[in-house]
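Descriptive analysis of the structure
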Amino acid sequence: KTTEQEMITASIVTYNDHLLDIEAILRSIIASPIRKVWIIDHSDEVTTLREELQQYMQRDKDLKEHISRGFQIEYLHEENTGYGRGNNRAIRLAMEEDSHYHLVVNPDVWFASDVIPTIWKYMEENPDVGQIMPKVLFLDGKIQPLAKLLATPMDLICRILLPEWMIKQRNNKYELLHSGYDKIMNAPCLSGCFMFFRVSTLKEVGLFAEGFFMYGEDFDLTRRIHRHYKTLFFPMVNVYHKFSRGSYHSLRLFMVHMASMVKYFNKWGWIYDAERRKFNRQILKDIKMANLQD
């Protein structure tokens, strides 16, 4: 079990969600050694979520027992200034409370009680690891390929504009599908749906870049961590993710997504990006060697 010196915290940024939308992730957290979770509510108006949470904490037997042992839920409603900013607020509070590890997780994720202890134990034994993402599954149990190469502009343009059959080979390489998703990979790009960080790493490399309103901030932060530490896809445990892909169904979210990608490539480089080439070559080489050993 973790100690006070190894405190694990978490944050969930919500938008127009109700208790039913986040109950599964809350139950996952309650069943884990996470000591405190911040719920950052970015709804345009104060919703009933605050009251629903208060009632939940009073009536749910498991939660009441967990709270009696020191677990905390802190609800914060604030202006919607972006996904990264919301999580940064919680991370800074976690740092003030001397948290050792911090989980950034989407409201539509849930997991079994062994996930956090297994990841925590691995990171305790491997201090060169700064971030971990477990295997992420669709509701039907199929793998979501969320460990990727660092994207080129062409990768994203093709995914948006061309039919899947035309870009299958390129897309399979970008999503590292030839790895089999059954081995640990030190991938330079990990999804933001479940980001388990070593807090000392965040103190060193910085938090989410707040210039991104939504989308791209996860790629940017994982890349910065990858410069100094391993950023691992860790298939020894798995989580479930509803994965709505809102930007594929909403014009507004699509435009937000595109604006974030422009900011990302303006920052890191559109055509010439030596670090991208270096990191991508290394992960492809690592996968090839791992496959040969199999």
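In this report, the structure presented in the accompanying data block is examined.

Another aspect to go through is the side chain of Gln131. Within the fold, Gln131 resides in strand S6 (residues 129-137). Looking at Gln131, its side chain comes within polar contact range of the side chain of Thr222, at 3.1 Å. Not counting the four nearest positions on each side in its chain, Gln131 is found in contact with Met123, Leu190, Met195, Phe196, Phe197, Thr222, Ile225, Lys230, Thr231 and Leu232.

The next subject is the packing of helix H1 (residues 19-30) against helix H2 (residues 49-59). Remark: H1 packs on H2, axes separated minimally by 11 Å, with the N-to-C direction vectors making an angle of 45 degrees. Considered as vectors, H1 and H2 are oriented oblique to each other. Note on packing geometry: the crossing formed by H1 with H2 is right-handed. Contact residues: H1 offers Leu19, Ile22, Glu23, Leu26, Arg27 and Ile30, while H2 offers Leu49, Glu52, Leu53, Tyr56 and Arg59. Partitioning the contact of H1 with H2 into residue classes produces seven nonpolar, no polar and four charged.

A word on the packing of aromatic side chains. Inspection of the entire model under this criterion finds 10 aromatic pairs. Geometrically, the ring pair formed by Phe197 and Phe208 is edge-to-face, given 6.2 Å between the ring centres and 80 degrees between the ring planes. Taken together, the residues Phe197 in strand S10 (residues 194-198) and Phe208 in the loop between helix H8 (199-205) and helix H9 (217-226) connect sequence positions 11 residues apart. Owing to a relative accessible area of 0%, Phe197 belongs among the buried residues under this scheme. Ring geometry for Phe265 versus Trp270: centroids 5.2 Å apart, planes at 40 degrees, classification tilted. Phe265 gets classed as buried once you look at its relative accessible area, which sits at 3%. An aromatic cluster is built from Tyr264, Phe265, Trp268 and Trp270, whose rings are joined through pairwise contacts.

The rules behind these values
- Residues numbered from 1 in each chain as written.
- Predicted model: local features only at pLDDT ≥ 70, side-chain atom pairs only at ≥ 80, totals over all residues.
- Heavy atoms only, no water.
- Helix = DSSP H or I, 4+ residues; strand = E, 2+ residues; numbered from the N terminus.
- Polar contact = N/O pair within 3.5 Å; in protein donor to acceptor, adjacent residues only side chain to side chain.
- Contact = heavy atoms within 4.5 Å.
- Axes fitted to C-alpha atoms, helices over the stretch in contact; angles between N-to-C directions.
- Parallel < 35°, antiparallel > 145°, perpendicular 65-115°, else oblique.
- Left-handed = near helix turned anticlockwise from the far one by under 90°.
- Nonpolar A, V, L, I, M, F, W, Y, C, P; charged D, E, K, R; others polar.
- Phe/Tyr/Trp six-rings, centres within 6.5 Å; stacked < 30°, edge-to-face > 60°.
- Buried < 20%, exposed > 50% of the residue type's maximum accessible area, 1.4 Å probe, protein only.

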